[in-house]
Amino acid sequence: MHELLTAFCHWTWYISGHKYMVCDLQGVYSNGKYILTDPAIHSFDQQFGSTDLGTLGMERVLGNHKCNIICSVLGLDNPMKNEYVQPGQRPTTYSFQVTEEMLLRKANGGKSNYFKFLDPIFE
């Protein structure tokens, strides 16, 4: 399940033209199915509240993401595969704090040091 969820996170970034990323997927296994709760969405313009860490959040997720067989089948590439970003203090991989750098990036249109925004495949 971990491989599927991390590939889904990667895919949402790809399919949206690098403008959005659904991440921090968690939940429970109950009655033969997984119930996912409380996802976070990172967006280029930080429009989804306090858990939306914008472009820097996307970079941090990608900097910790190791592509798997699902990513390969979907043809996903990680522009940060050779970068490592220190995760946050909490035990979840995608836990980060809002920093001055994030606020500056938001003020500058959310530009990334690692990827460009593209036209979304699906919106």
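Residues numbered from 1 in each chain as written. Predicted model: local features only at pLDDT ≥ 70, side-chain atom pairs only at ≥ 80, totals over all residues. Heavy atoms only, no water.

As annotated in an unreviewed UniProt entry, the chain is Alpha-protein kinase vwkA isoform X2 from Hydra vulgaris.

### Points about helix H2 (residues 54–64)
Three or four residues apart is the spacing at which side chains of an α-helix point the same way, because the helix has 3.6 residues per turn. Where burial is concerned, most of H2 is hidden: 11 out of the 11 residues are buried. Of all the residues in H2, the buried ones are Gly54, Thr55, Leu56, Gly57, Met58, Glu59, Arg60, Val61, Leu62, Gly63 and Asn64. (Buried < 20%, exposed > 50% of the residue type's maximum accessible area, 1.4 Å probe, protein only. Helix = DSSP H or I, 4+ residues; strand = E, 2+ residues; numbered from the N terminus.)

### Here's the deal with the side chain of Gln46
Inspection of the secondary structure assignment puts Gln46 in the loop between strand E4 (40–43) and H2. For Gln46, the side chain forms a polar contact with the main-chain oxygen of Asp52, separated by 3.2 Å. (Polar contact = N/O pair within 3.5 Å; in protein donor to acceptor, adjacent residues only side chain to side chain.)

### Describing unusual backbone geometry
With a phi angle near 55 degrees, Asp24 is a residue other than glycine that sits in the positive phi range. Taking the relative accessible area as the measure of exposure, Asp24 reaches 17% and is therefore buried.

### Regarding the pairing of strand E2 (residues 26–30)
Here E2 runs beside strand E3 (residues 33–37); their pairing, made up of 5 bridges, is antiparallel. Within E3, the position partnered with Tyr29 by the bridge is Tyr34. Hairpin connection between E2 and E3: a loop of 2 residues separates the two successive antiparallel strands, and Asn31 in this loop has a positive phi of roughly 50 degrees. (Pairing = 2+ DSSP bridges.)

### A look at helix H1 (residues 2–15)
Along its 14 residues, H1 runs 20 Å from first to last C-alpha, staying within 8% of the 20 Å computed at 1.5 Å per residue. Within the sequence span of H1, burial applies to Leu5, Thr6, Ala7, Cys9, His10, Thr12, Trp13 and Ile15. Against strand E1 (20–23), E3, H2 and helix H3 (69–74) lie the buried residues of H1. Just beyond H1, the residue with positive phi is Gly17, at close to 70 degrees. (Expected span 1.5 Å × (residues − 1). Contact = heavy atoms within 4.5 Å.)

### Some remarks on the pattern of salt bridges
Where charged atoms from two side chains of opposite charge come close, those side chains can pair. Tallied over the full model, the rule gives 1 salt bridge. One salt bridge in this structure joins Asp77 and Lys81, with 3.0 Å as the shortest N-O distance. Asp77 gets classed as partly exposed once you look at its relative accessible area, which sits at 46%. (Salt bridge = Lys/Arg side-chain N within 4 Å of Asp/Glu carboxyl O.)

### Description of the packing of aromatic side chains
Tallying each qualifying case throughout the model produces 4 aromatic pairs. Pairing Tyr29 with Tyr34 gives two aromatic rings, centres 4.7 Å apart and planes at 55 degrees, and the pair type is tilted. Grouping aromatic residues by their ring pairs yields a cluster made of Tyr20, Phe44 and Phe48. (Phe/Tyr/Trp six-rings, centres within 6.5 Å; stacked < 30°, edge-to-face > 60°.)

### As for the nonpolar core
Core analysis: the largest hydrophobic core is formed by 11 residues, namely Cys9, Trp13, Met21, Cys23, Ala40, Met58, Val61, Leu62, Met80, Val85 and Phe115. For this core, the elements supplying multiple residues, two or more each, are H1, E1 and H2. Counting residues per element, this core draws most heavily on H2, at 3 residues. Ignoring any residue separated from it by four or fewer positions in sequence, one finds Trp13 in contact with His18, Lys19, Tyr20, Met21, Met58, Leu62, Asp77, Pro79 and Phe115. (Core = buried A, V, L, I, M, F, W, Y, C linked by side-chain atoms within 4.5 Å.)

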